[in-house]
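What the coordinates show
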Amino acid sequence: MAVNPIPYQPNNHTNTKDKFGNFVDLVHLLRSDEGCPWDRDLKIHSLREKLIEEAYETVDAINSGNYQHIADELGDLLLHVVMHATIAQGDGEFTIDDVMDNVTSKLIRRHPHVFGEIVATSQGDVEKLWSKIKSSENSGRINVPASMSPMEQNITLQSKAQLSSTDTVAQMVQRLRHHVGCVESGVGDTVGGDTGVGGTGVDTNEHTSNRTAGDTSNEHKNINIEDAHHLGMIVSESFAIMLKCGHSPLSIMSEVNKAISINT
């Protein structure tokens, strides 16, 4: 069936404010009764997975170093921001103005060294200041998105914790060695008597002494809850050391994925 197309005639302005206003008007038009039925039926929850996908595609574009590709993907992310706000406005919840007002207030609040009297002379000073302000806003809690994978949550927690940490790399390595030693003396035991020092069959490890009889039925069941704790701490300390040495969370995840791929 033939339809009469709605002409989109944005104002012929070149400044950024007007261009953004034109873009918001375009999204509103797509959501209107005269617009697109698919766009009109979109819900915030139905866009969740697509938003994550677009974010990853933006990261891929950044990794590629292709600035035109980056610009394209950032446009897709901007569309999600405006579309979510437009949907919320239709639901009577908030508008794109609320989104901009909130982030503007947050930026001013978290830059007291720019808009206040606090002095911060280095990137490290700014990061610690930002972390302190954010922590006070969250009542001291470190918030990590529940939708992240456990490994991503671990890296994010470590990354945020490092901003306030005064531990040296040497101290962190010492803790790492401690947990490795605990695991070696625990899960390294072999079924059949080679437990303990010198293979005497005497279990000298405080962690393995708590195992139940069922734990010795096969090698894998030699891992109890305390061993699992030390294994988790090994992962945690390893991430912390890499972050302390200046590696980004994304580069760490990339190396972890490579290692998993090689070992599987």
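Every value quoted in this text rests on a predicted model; they were computed, and no experiment measured them.

What the rule picks out here adds up to three salt bridges. Its salt-bridge partner being Glu237, residue Arg175 comes within 2.8 Å of it at the nearest N-O pair. Pair noted here: Arg175 is in helix α9 (residues 169–187) and Glu237 is in helix α10 (residues 225–244), with a separation of 62 residues, a long-range link. Judged by relative accessible area, which is 30%, Arg175 ranks as partly exposed. Residues joined in a network through salt bridges with shared partners are Lys50, Glu53 and Glu54.

Below, the discussion takes up helix α4 (residues 67–90). Because each turn of an α-helix spans 3.6 residues, side chains separated by three or four positions in sequence point in the same direction. For α4, spanning 24 residues, the distance from its first C-alpha to its last is 34 Å, which sits close to the expected 34 Å at 1.5 Å a residue. Among the residues of α4, those classed as buried are Ile70, Glu73, His80, Val82, Met83, His84, Ala85, Thr86, Ile87 and Ala88. Looking at the buried positions of α4, the neighbouring elements they touch are α1 (16–31), α2 (37–40), α3 (48–64) and α5 (96–109). Where α4 begins, the side chain of Asn66 points an oxygen toward the backbone nitrogen of Gln68, at a separation of 3.1 Å. Positive backbone phi, at 75°, marks Gly92, one or two positions downstream of α4.

Running from amino to carboxyl end, α10 crosses helix α11 (residues 249–263) at an angle of 130°, the nearest separation of the two axes being 10 Å. Our classification of the angle between α10 and α11 gives oblique. Once α10 is placed against α11, the crossing between them reads as right-handed. On α11, the residues touching Phe239, Met242 and Leu243 of α10 are Pro249, Ile252 and Val256.

Relative to the helices and strands, Thr58 is located in helix α3. We classify Thr58 as buried; its relative accessible area is 5%. At 2.9 Å, the side chain of Thr58 forms a polar contact with the backbone oxygen of Glu54.

Turning next to the side chain of Glu54. Tracing the sequence through the fold places Glu54 in helix α3. Judged by relative accessible area, Glu54 falls into the buried class, the value being 7%.

Moving on, we get to the packing of α3 against α4. Viewed as axis vectors pointing N to C, α3 and α4 meet at an angle of 160°, and their least axial separation amounts to 8 Å. In terms of orientation, α3 and α4 fall into the roughly antiparallel class. Helix-helix and strand crossings are classified by hand; for α3 and α4 the assignment is left-handed. Residues Lys50, Leu51, Glu54, Ala55, Glu57, Thr58, Ala61, Ile62 and Ser64 of α3 lie in contact with α4, whose contacting residues are His69, Ile70, Glu73, Leu74, Asp76, Leu77, His80 and His84. Taken together, the residues of the contact of α3 with α4 break down into seven nonpolar, five polar and five charged.

On to the nonpolar core, then. Listed in full, the nine residues of the largest apolar core are Val24, Val27, Leu42, Leu47, Val82, Met83, Ala85, Ile87 and Ile96. When contributions to this core are tallied by element, the ones reaching two or more residues are α1 and α4. Per element, the largest residue contribution to this core is four residues, and it comes from α4. For Val27, the residues in contact, after removing those within four places along its chain, are Leu79, Val82, Met83 and Thr86. In this structure, Met172, Leu176, Val183 and Ala240 belong to the second largest nonpolar core, which totals six residues.

This part covers the environment of Ile241. Mapped onto the elements, Ile241 comes out in helix α10. Separated by 70 residues in sequence, Ile241 and Gln171 have C-alpha atoms that sit 9.7 Å apart. With sequence-adjacent residues up to four places away left out, Ile241 is seen in contact with Val169, Met172, Val173 and Leu176.

Criteria and cut-off values
- Residues numbered from 1 in each chain as written.
- Predicted model: local features only at pLDDT ≥ 70, side-chain atom pairs only at ≥ 80, totals over all residues.
- Heavy atoms only, no water.
- Salt bridge = Lys/Arg side-chain N within 4 Å of Asp/Glu carboxyl O.
- Helix = DSSP H or I, 4+ residues; strand = E, 2+ residues; numbered from the N terminus.
- Buried < 20%, exposed > 50% of the residue type's maximum accessible area, 1.4 Å probe, protein only.
- Expected span 1.5 Å × (residues − 1).
- Contact = heavy atoms within 4.5 Å.
- Polar contact = N/O pair within 3.5 Å; in protein donor to acceptor, adjacent residues only side chain to side chain.
- Axes fitted to C-alpha atoms, helices over the stretch in contact; angles between N-to-C directions.
- Parallel < 35°, antiparallel > 145°, perpendicular 65-115°, else oblique.
- Left-handed = near helix turned anticlockwise from the far one by under 90°.
- Nonpolar A, V, L, I, M, F, W, Y, C, P; charged D, E, K, R; others polar.
- Core = buried A, V, L, I, M, F, W, Y, C linked by side-chain atoms within 4.5 Å.

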